[in-house]
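The residues making up each chain are set out below.
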Amino acid sequence: MDADTEQVIVFDIGSEKFGVKITKIHEIVRMKEITELPNSSKYMEGIINLRGDIVSVIDLRKRFNLEQIVDTNDTRIIVVDFEDQDVGLVVDNVSEVLHIKMSDVDLPPKSMAGIKEDYLKGIVKVDEDIIILLDLDNLLSSKENIQLEKEN
């Protein structure tokens, strides 16, 4: 792997594919029981006990204002590092690990499905798919809801 290549974990939320640098990810776990916290933000799902560590869990479907679905066998919690804490992200499915040449990454269009540019590192085309590379730090630190779909 050369200096221009990064490994990216690809996951699905609805019909969209997203990618996050593998160096940001601690582990990927199957869905487990989440303890809800009162008075937390709309997209904060709650907390889980991960081998004795308490991990906050954010539902990315809620974060992107998408319709909620029933968890399936494919639903995963991606545990990422955010400000020296583990944070879990609920996603529909983790599909693959890709080696992406950073020179192949395009800047996102200005009006990318209503997602603010600060949440995006870029987009990359892989075969027929478009993968949206997320900037986790900005995504997790922002308090506002993100609209994935344009309002009618």
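The structure this text deals with has already been given above.
What you see is a predicted model, and the numbers here were worked out from it, not measured in a lab.

> An account of the overall build of the chain is requested, with residue identities and associated values reported.
A count of helical and extended segments in the chain gives two helices and 10 strands. Counting across all 152 residues of the chain, residues that qualify as buried make up 41%. For the chain, restricting intrachain contacts to residue pairs at least 6 apart in sequence, the fraction spanning at least 24 positions comes to 56%. Per element, the accessible surface of the chain, about 8,800 Å² overall, is 46% carbon and sulfur.

> Give a description of the sheet that holds strand S3 (residues 25-30) that names residues and reports values.
Overall, mixed pairing links the five strands, which are arranged S3-S6-S7-S5-S4 in an open sheet. Each edge of the sheet is formed by a strand with only one pairing partner; in this case those strands are S3 and strand S4 (44-50). Here the strands of the sheet are splayed against their neighbours by 30° on average, with no regard to which way each runs. In the sheet, strand S5 (residues 53-59) pairs with strand S7 (residues 85-91) via four bridges, with the strands oriented parallel. Residue pairing in the sheet places Ser-56 in a bridge with Val-87 of S7.

> An account of the pattern of salt bridges is needed here, citing residue identities and associated values.
Side-chain pairs of opposite charge can arise whenever the charged atoms involved come near each other. Under the definition given, this model contains eight salt bridges. Arg-61 is the salt-bridge partner of Asp-92, the closest N and O atoms lying 2.9 Å from each other. Here Asp-92 is found in the loop between S7 and strand S8 (93-101), whereas its partner Arg-61 is found in helix H1 (residues 60-63), with 31 residues between them in sequence. The pair Asp-92 / Arg-61 is uniform in exposure class, with both members buried. When the shortest N-O distance is used, the salt bridge between Asp-135 and Lys-121 registers 3.7 Å.

Thresholds, definitions, all that
- Residues numbered from 1 in each chain as written.
- Predicted model: local features only at pLDDT ≥ 70, side-chain atom pairs only at ≥ 80, totals over all residues.
- Heavy atoms only, no water.
- Helix = DSSP H or I, 4+ residues; strand = E, 2+ residues; numbered from the N terminus.
- Buried < 20%, exposed > 50% of the residue type's maximum accessible area, 1.4 Å probe, protein only.
- Contact = heavy atoms within 4.5 Å.
- Areas by Shrake-Rupley, 256 points an atom, 1.4 Å probe, with all protein chains shown as cover.
- Pairing = 2+ DSSP bridges.
- Axes fitted to C-alpha atoms, helices over the stretch in contact; angles between N-to-C directions.
- Salt bridge = Lys/Arg side-chain N within 4 Å of Asp/Glu carboxyl O.

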